[in-house]
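Tertiary structure, described
In case you want the letters, here they are:
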Amino acid sequence: MVENDRWGMLLAHLVLILGVAVVVFPVYVAIIASTHAPGTFLQGVMPLLPGSHGWENYRTIIFEGRSNAGAPPIGSMLWNSFVMAMMIAVGKIAISLLSAFAIVYFRFPGRIFFFWIIFVTLMLPVEVRIVPTYQVVANLHMLNTYAGLSIPLIASATATFLFRQFFMTVPEEMLEAARVDGAGPWKFFKDILVPLSVTNIAAMFVIMFIYGWNQYLWPLLITTDDSYYTIVMGIQRMVTGADSEPLWHLVMATVVLAALPPILVILFMQRLFVKGLTETEK
Amino acid sequence: MQTKRMTFTSRWLPYVLLAPQVIITLIFFVWPASQALWQSMLRQDPFGLRTTFVWFRNFERLFADPNYLASMKTTAIFAVGTTLLSLSLSLLFAVMVNRMIRSRDLYTTFLVWPYAVAPAVAGVLWWFIFNPSVGILPYMLEMLGYDWNHRLHAGDAMALVILAAAWKQISYNFLFFLAGLQSIPQSLIEAAAIDGAGRTKRFWTIIFPLLSPTTFFLMVVNIVYAMFDTFGVIHATTAGGPAQATNILVYKVYRDGFIGNNLGSSAAQSVILMGIVIVLTVVQFRWIERRVNY
């Protein structure tokens, strides 16, 4: 620090505490709301201190759902979200490692062309080509399947770029040494390149898991069978499913459960998360 | 584009390695995109029995359609509002956290996790807080004499979605601003301090200009985010209402295509959006190239 002013620091702390409060506030309110009995919300403004029905609400939502309103138990939605997020994260990393390996360690006709084809995916988010992508998936009979939920989202230019950048920094001597020892491409990839990339793979995994978990529009379009609902899209069904005011205590319990897993991933792997986030944008 | 000095030689292996990525890209990206291009020049009759090729008529219609123009304006307001709000808050937080020494990591932890919250979830969270009958903030606003109701008032609905979208994006911007601030050489700031520049002056004449590459990059990223990734925020809360007040372009593509069943128009809108994404991506990449040369 250049100078030492106590009031300035105090002000900075004040701003930050206020900022953190604003950032935390919505989630705090959701947690509080999820612990109250349904009647609480009919009496006007909601309370700011926890109620005593938390356990009951969460049990209802996880195991029973709202069968009368056609919403399945949240337990199965959580599982679907987990499967989808894992398939997307693992799939993206696997195919990106392979294609980055091909682009960096081989010279072959059409290399630039393929690089550009992969690059295109970066420019076309699902949101802008909704209808035709839906038609393709429908024609392939992939509606209401895990494959339909994950495979169309697996192609990833970002991960390919990240691994390409990283492979370029791997010393040339590695390959020379491996070849002197008689290692073929596959052995080099498996025993040298992948072990060297472990940190990058983990960082990518954190980002892609969150990406997969938070998908909304895609599962909304291609699942009509409620046993394939994911939790993030399930919330919307709960909010609009009822004909009157939503059952806020259950909706908020669902919201908390939907937000918790990715938040935990970030909190426990903060360093990897920051690395993944800042490096993918380079 | 470079490779390694020494490479493997194989006639078929690189193609096998690339195959999964390229096949998925062709089936789920390139093919649908070209379909969108084709469909944007077709028009179906209301019963879906006959399809005619109409060249650019769908586009002409769109640009003559007051609803579409209104949606463009809504998107612009939404994107600019979200970007400004989120960038200014996260810059403030980053500058403050950057002054901390011991508590830096603690504050960072508290500020980064909203990144993990899905846009749809963020929308529902704020929607609940602002709910006219049970929410806390309308209750407080009423004491101040303001009657909040995002179901009726267009302005309130827009404010709600902007808040929800900006809230989620604060973590991302914060991390990049913090990294940017930490890369500014301390010696420059000390030199200015010796010359008698106060904290505020140092910020506006040294720190802020040096941060401008980061700010510009974040602006592009945030505009892309607001235009394309906020579908969930809109769909889970206002559903474009009241009276189209929050009907942003991405949401309109979905609505016209899936609910209105107007495939030609929806495809034309897709094509326009793709154009916008491509322009923004190119801008972003140009910037990255420039930064590498510094």
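A short tour of the structure in this document, coming up. Since the model is a prediction, treat every value here as computed from it, not as a measurement.

A few words on the overall build of chain B. A tally of regular secondary structure across chain B gives 12 helices and 2 strands. Along its sequence from the N terminus, chain B presents helices and strands in the succession α-β-β-α-α-α-α-α-α-α-α-α-α-α. Seen along its three principal axes, the alpha-carbon backbone of chain B occupies a region of about 75 × 75 × 30 Å. Counting over 294 residues, chain B shows a buried share of 55%. Accessible surface, chain B: about 13,600 Å² in total, of which carbon and sulfur atoms supply 65%. Taken as two groups, the 21 positive and 12 negative side-chain charges of chain B have centres that lie 10 Å from each other.

Now for the overall build of chain A. When you go through chain A residue by residue, the secondary structure sums to 14 helices and 0 strands. For chain A, the N- to C-terminal ordering of α and β elements is α-α-α-α-α-α-α-α-α-α-α-α-α-α. In terms of C-alpha radius of gyration, chain A reaches 24 Å, well past the compact-globule figure of 19 Å for 282 residues. Principal axes of the C-alpha set define a box for chain A whose edges measure 75 × 65 × 30 Å. The buried share of chain A, taken over its 282 residues, is 55%. Considering only intrachain contacts with a sequence separation of at least 6, the fraction spanning at least 24 residues in chain A is 72%. Just so you have it, chain A exposes about 12,000 Å², and 68% of that area is on carbon and sulfur atoms. Across chain A, the centroid of the 15 positively charged side chains sits 7 Å from that of the 16 negatively charged ones.

In this structure the tally under the stated criterion is 35 aromatic pairs over all chains. When the ring of F101(A) is compared with that of F189(A), the centres are 4.8 Å apart and the planes differ by 35°; the resulting orientation is tilted. Separated by 88 residues along the polypeptide, F101(A) in helix 3 (residues 74–105) and F189(A) in helix 9 (residues 185–196) bring together distant segments of the chain. Their ring planes at 70° and their centres at 5.1 Å tell us that F108(A) and Y15(B) sit as a pair that is edge-to-face. With F108(A) in the loop between helix 3 and helix 4 (111–123) and Y15(B) in helix 1 (residues 13–39), this pair bridges two chains. Given a relative accessible area of 8%, F108(A) falls into the buried group. Each residue in the set F101(A), Y105(A), F106(A), F163(A), F166(A), F167(A), W186(A), F188(A), F189(A) and F8(B) is aromatic and connected to the rest through ring pairs, giving one cluster.

Another aspect to go through is the side chain of S197(A). Residues and elements named next belong to chain A. Tracing the chain through its elements places S197 in the loop between helix 9 and helix 10 (198–213). For S197, a relative accessible area of 0% puts it in the buried group. Those residues within four positions of S197 in sequence are excluded, and the remaining contacts are F166 and F167.

So, about the pattern of salt bridges. Taken as a whole and judged by the stated rule, the model has 3 salt bridges over all chains. Where D191(A) meets K187(A), a salt bridge forms, and the shortest distance between an N and an O atom there is 2.7 Å. One end of the pair, D191(A), and the other, K187(A), are both in helix 9, 4 residues apart, so they sit about a helical turn from each other. Relative accessible area serves as the criterion here: at 45%, K187(A) is assigned to the partly exposed category. Across the pair K252(B) and D256(B) runs a salt bridge, and its minimum N-O distance is 3.3 Å. Of the two residues, K252(B) and D256(B) both sit in helix 11 (residues 249–259), 4 residues apart, roughly one turn of that helix. Judged by relative accessible area, D256(B) falls into the buried class, the value being 17%. A cluster of three or more residues bridged by salt bridges with shared partners is formed by K187(A), K190(A) and D191(A).

Moving on: the nonpolar core. Ranked by internal contacts, the top residues of the largest apolar core, which has 184 residues, are F101(A), Y105(A), F163(A), F167(A) and V121(B). With 16 residues, the single largest contributor to this core is helix 3 of chain A. Apart from the residues lying within four places of it in its own chain, the contact partners of F101(A) are F106(A), F167(A), P185(A), F188(A), F189(A), L193(A), F8(B) and L17(B).

Once that is clear, we can look at the interface of chain A and chain B. Between chain A and chain B, the residue contacts involve 113 residues of the former and 97 residues of the latter. If you look at where chain A meets chain B, you find 8 residue pairs in polar contact (both at pLDDT 80 or more). In terms of residues, the side of chain A that touches chain B owes the most to one element, helix 1 (residues 6–33) of chain A, which gives 18 residues.

Glancing now at helix 9 of chain A. With 12 residues, helix 9 of chain A extends 15 Å from end C-alpha to end C-alpha; this agrees with the ideal 16 Å at 1.5 Å per step. If you follow the buried residues of helix 9 of chain A, they end up packed against helix 3, helix 7 (157–169) and helix 8 (172–180) of chain A.

The axes of two packed helices give the description: the angle between them and the distance between them. Orientation of helix 5 (residues 130–139) of chain A relative to helix 11 of chain B, taken along the N-to-C sense of each, is 50°, at an axis distance of 9 Å. Taken as axis vectors, helix 5 of chain A and helix 11 of chain B run oblique relative to one another. Of the residues in helix 11 of chain B, those in contact with I130(A), V131(A) and Y134(A) of helix 5 of chain A are V250(B), V253(B), Y254(B), G257(B) and F258(B). Class assignment for the residues of the contact of helix 5 of chain A with helix 11 of chain B results in 7 nonpolar, 1 polar and no charged.

All right, on to unusual backbone geometry then. All names here are of chain A. The backbone phi angle of H141 is positive, close to 55°, even though this residue is not glycine. Tracing the chain through its elements places H141 in the loop between helix 5 and helix 6 (146–150). The exposure class assigned to H141 is exposed, which follows from its relative accessible area of 68%. Even without being glycine, N144 reaches a positive phi, approximately 55°.

Conventions adopted
Residues numbered from 1 in each chain as written. Chains lettered and ligands numbered in written order. Predicted model: local features only at pLDDT ≥ 70, side-chain atom pairs only at ≥ 80, totals over all residues. Heavy atoms only, no water. Helix = DSSP H or I, 4+ residues; strand = E, 2+ residues; numbered from the N terminus. Buried < 20%, exposed > 50% of the residue type's maximum accessible area, 1.4 Å probe, protein only. Areas by Shrake-Rupley, 256 points an atom, 1.4 Å probe, with all protein chains shown as cover. Lys, Arg positive; Asp, Glu negative; His and termini not counted. Charge placed at Lys NZ, Arg CZ, Asp CG, Glu CD. Rg over C-alpha atoms; globule rule 2.2 N^0.38 Å. Contact = heavy atoms within 4.5 Å. Phe/Tyr/Trp six-rings, centres within 6.5 Å; stacked < 30°, edge-to-face > 60°. Salt bridge = Lys/Arg side-chain N within 4 Å of Asp/Glu carboxyl O. Core = buried A, V, L, I, M, F, W, Y, C linked by side-chain atoms within 4.5 Å. Polar contact = N/O pair within 3.5 Å; in protein donor to acceptor, adjacent residues only side chain to side chain. Expected span 1.5 Å × (residues − 1). Axes fitted to C-alpha atoms, helices over the stretch in contact; angles between N-to-C directions. Parallel < 35°, antiparallel > 145°, perpendicular 65-115°, else oblique. Nonpolar A, V, L, I, M, F, W, Y, C, P; charged D, E, K, R; others polar.

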